[in-house]
Amino acid sequence: MKPCFGYIRVSTLKQGEGVSLQEQKDAILAFASRNNLDVLDWFEEKETAAKSGRPKFNQMLRQLKRGKASGLIMHKIDRSARNLKDWSIVSELPDQGIDVYVATESLDFTTRGGRLTADMLAVIAADFIRNLREETRKGIRGRLKQGLYPFRAPIGYLDTGKGNPKAQCPRKASLVREMFDLYGSGQHSLRSLQSEMNRRGLLNHAGKPLSLHGVETILKNPFYMGIIEIKNSGEVFKGIHEPIISPSLFQLVQDIKAGRCGPKVTRHNHLFRGLFRCGHCGNPMSPELQKGRVYYRCQRPDCATKTIREDVLDAFIYRVFSKFQISTEDADKLEKDWLDTQEQTTRDETRKSIELRISSVEQGMRRATDLLIEGTLDNETYLEKKKEAALTIARLQEELRKLPDPADVEANTRQFIELMKTLAELYESLKPNEKREFIENAFSNRTVAGKMPELEPYSWLEEAETGLSVLNGAPHRHTDRTNRIPRELQAVFNLMKRGKATDD
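Note that the structure is predicted; figures quoted are calculated from it, not measured.

Turning our attention to the overall build of the protein chain. Looking only at helices and strands, the protein chain has 18 helices and 14 strands in total. Across the 504 residues of the protein chain, 42% fall into the buried class. Within the protein chain, contacts between residues separated by at least 24 positions form 64% of all contacts whose residues are at least 6 apart in sequence. Here the protein chain has roughly 26800 Å² of accessible surface; of this, 48% comes from carbon and sulfur atoms.

Should the charged atoms of two oppositely charged side chains come close, the side chains can pair. If you walk through the whole model with that rule in mind, you get 19 salt bridges. We note a salt bridge from K257 to E216, for which the minimum N-O separation is 3.7 Å. Taken together, the residues span a long stretch of sequence, with K257 in helix α9 (residues 247-257) and E216 in helix α8 (residues 212-219) at a distance of 41 residues. Judged by its relative accessible area of 25%, K257 is partly exposed. Note on E216: relative accessible area 30%, which makes it partly exposed. The salt bridge partner of D302 is R300, with a shortest N-O separation of 2.9 Å. If you follow the salt bridges from partner to partner, you end up with E178, E196, R199 and R200 in one network.

What the rule picks out here adds up to 16 aromatic pairs. Between F321 and F438, the aromatic rings sit 5.0 Å apart at their centres with planes inclined by 20°, giving stacked as the arrangement. Taken as a pair, F321 in helix α10 (residues 310-324) and F438 in helix α16 (residues 432-442) lie far apart in primary sequence, 117 residues in all. Given the relative accessible area of 0%, F438 is considered buried. Aromatic ring contacts, followed pair by pair, group Y149, F151, Y157, F180, F223, Y224 and F250 into a single cluster. In this structure, K386 packs its charged tip against the face of F237, placed 5.4 Å from the ring centre. Here K435 stacks its cationic end above the ring of Y427, 4.8 Å away from the centre of that ring.

With respect to topology, four strands assemble into an open sheet ordered β2-β1-β3-β4, the strand pairing being parallel. Each edge of the sheet is formed by a strand with only one pairing partner; in this case those strands are β2 (37-46) and β4 (99-102). Strand after strand, the sheet turns through a mean of 25° between neighbouring axes, direction not considered. Pairing analysis gives nine bridges linking strand β1 (residues 2-10) to β2, with the strands arranged parallel.

Turning our eyes to something else, we now look at the packing of helix α6 (residues 172-184) against helix α7 (residues 190-200). Contact geometry for α6 and α7: axes closest at 11 Å, N-to-C directions at 150°. Taken together, the axis directions place α6 and α7 in an arrangement best described as roughly antiparallel. Between α6 and α7 lies a crossing of right-handed hand. Residues L175, E178, M179, L182 and Y183 of α6 touch α7, and the partners they reach there are L190, L193, E196, M197 and R200.

All right, on to a negative patch on the surface then. The grouping of D378, E380, E384 and E388 at the surface amounts to a negative patch. Mapped onto the elements, E384 comes out in helix α13 (residues 379-401). We classify E384 as partly exposed; its relative accessible area is 43%.

Attention now goes to the pairing of β1. For β1, a buried count of seven out of nine residues is recorded, marking the element as mostly surrounded by other parts of the structure. Direction of pairing for β1 relative to strand β3 (residues 71-74): parallel, over a ladder of four bridges. Bridging across to β3, G6 finds its partner in I73.

With respect to the element layout, G274 can be found in the loop between α9 and β9 (277-278). Separated by 172 residues in sequence, G274 and R446 place their C-alpha atoms 10.0 Å apart.

One can find E235 in the loop between β7 (227-229) and β8 (236-238). With a relative accessible area of 15%, E235 lands in the buried category. In this structure the side chain of E235 is engaged in a polar contact, spanning 2.8 Å, whose partner is the side chain of R141. Other than its neighbours up to four places away in sequence, E235 contacts R141, I228, E229, I230 and L383.

Running from N to C, helix α4 (residues 84-91) and helix α5 (residues 112-145) cross one another at 165°; their axes reach a closest spacing of 10 Å. Relative to α5, α4 is oriented roughly antiparallel. Regarding α4 and α5, the two cross each other, and that crossing is right-handed. Only R115, A118, D119, A122, V123, A126 and R130 of α5 make contact with α4, whose side of the interface consists of L84, W87 and S91. For the contact of α4 with α5, a count of residues per class yields six nonpolar, one polar and three charged.

Cut-offs and rules
Residues numbered from 1 in each chain as written. Predicted model: local features only at pLDDT ≥ 70, side-chain atom pairs only at ≥ 80, totals over all residues. Heavy atoms only, no water. Helix = DSSP H or I, 4+ residues; strand = E, 2+ residues; numbered from the N terminus. Buried < 20%, exposed > 50% of the residue type's maximum accessible area, 1.4 Å probe, protein only. Contact = heavy atoms within 4.5 Å. Areas by Shrake-Rupley, 256 points an atom, 1.4 Å probe, with all protein chains shown as cover. Salt bridge = Lys/Arg side-chain N within 4 Å of Asp/Glu carboxyl O. Phe/Tyr/Trp six-rings, centres within 6.5 Å; stacked < 30°, edge-to-face > 60°. Lys NZ or Arg CZ within 6 Å of the ring centre and 35° of its normal. Pairing = 2+ DSSP bridges. Axes fitted to C-alpha atoms, helices over the stretch in contact; angles between N-to-C directions. Parallel < 35°, antiparallel > 145°, perpendicular 65-115°, else oblique. Left-handed = near helix turned anticlockwise from the far one by under 90°. Patch = residues over 30% accessible without salt bridge, like charges linked within 9 Å, V, L, I, M, F, W, Y side chains within 5 Å. Lys, Arg positive; Asp, Glu negative; His and termini not counted. Charge placed at Lys NZ, Arg CZ, Asp CG, Glu CD. Polar contact = N/O pair within 3.5 Å; in protein donor to acceptor, adjacent residues only side chain to side chain. Nonpolar A, V, L, I, M, F, W, Y, C, P; charged D, E, K, R; others polar.

Spelled out as structure tokens, the structure:
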């Protein structure tokens with residue numbers, strides 16, 4: 001009996017779990033029995049033949065060329081020949097003294113006619129897979145245009161069947177949200193974030209702790225803010241799945257990753273790190289721990305500004321907040337003046353402004369599409385502009401959703417005025433990271449010239465002291481940071497951000 005190898009293949013692991021492989025084996029064994037052939041070994045492949053480079057297939061070819069068997073038995077031509085490169089190797093085996101058999105076809109590879117027929121069947125199989133690939137791509141693109149993601153759900157989401165949007169995983173979605181919040185706080189590097197999320201129990205699809213690459217993949221995936229991005233083509237689509245995070249938080253994370261938005265991690269968590277600059281040369285005041293005290297120093301040797309102690313800065317800031325505190329009488333007057341002021345016109349103007357900006361971005365994309373059709377704009381630049389436009393529109397739509405309700409404005413205004421009556425005490429009661437955020441929201445320029453610190457207040461602080469006008473405007477920051485501070489400060493920071501927008 002002539003010794004042969006048996007080669008069987010299914011396109012997916014799921015198919016391999018069924019009867020397809022066994023059916024191929026049975027057909028090959030029946031063929032071998034009828035033709036006095038002996039199957040020495042089986043080579044089972046569980047992946048598509050549309051691409052070359054199948055490991056079992058290549059291993060079998062090497063052993064055939066070493067004389068481990070005299071022939072090869074396949075189930076059908078298309079089990080080996082859905083790409084012509086691999087078929088060209090198989091079709092040359094008879095020239096090397098290796099017999100080729102097809103269990104379900106009456107093909108004689110020792111004759112010219114038999115080999116021609118086999119080549120034609122191989123070409124038909126290759127054309128079939130090309131057509132199948134094209135139709136599959138059309139189907140996938142149709143799903144994407146509908147806002148559906150026809151691939152495996154990212155970590156934090158669950159697959160809910162064909163034709164349905166991905167659903168948030170009850171356990172992992174909140175952990176993914178925490179991951180973005182933690183990195184957006186600026187207190188973590190990717191490696192420290194990996195350790196923290198592994199400690200909290202966020203696992204990958206295989207049920208294992210996240211790798212560093214896995215953490216970075218999640219942080220840069222716009223799917224979590226409602227945008228589907230196809231990496232191979234660079235195209236973006238508006239998803240209909242429920243976002244886990246806001247567009248503004250996603251943008252903040254990208255800015256931090258790119259180094260455009262503050263420090264990610266520091267060795268010592270000093271209170272005023274990165275907040276103050278030298279009033280003479282503009283260099284940052286760097287914190288140093290000396291003999292149990294923290295000093296902030298200008299690193300330029302010839303600068304007149306030398307050092308200032310952290311506790312001295314802290315006391316100075318407390319005194320400045322004390323200056324801006326308002327009395328009970330002033331609070332009553334402010335409440336009367338502010339609540340009597342009609343803000344509806346301002347809110348309508350803000351809404352109209354955001355809607356005009358959205359319209360402008362959409363018009364820009366239509367112009368870019370025209371330039372692409374005309375050949376003036378290359379496809380890579382167009383896709384990049386399309387992605388930027390999608391992110392911008394998502395952020396603007398978020399701003400529209402966050403426009404305050406009149407009742408909320410009134411409640412926040414009353415709470416804000418109450419807190420302004422104890423501004424210095426409020427500052428003193430905060431934790432270090434909350435103090436930092438309080439200072440950033442209260443003062444635009446923070447400098448130390450010689451031994452004298454200087455603080456330039458945002459308009460919201462001055463207006464609260466003088467009662468010049470009602471705070472208004474759209475939020476200035478990329479993200480709503482109030483979810484990381486005590487609830488009683490939310491009204492303060494909401495109004496701070498509106499006031500800062502008018503400064504800019």
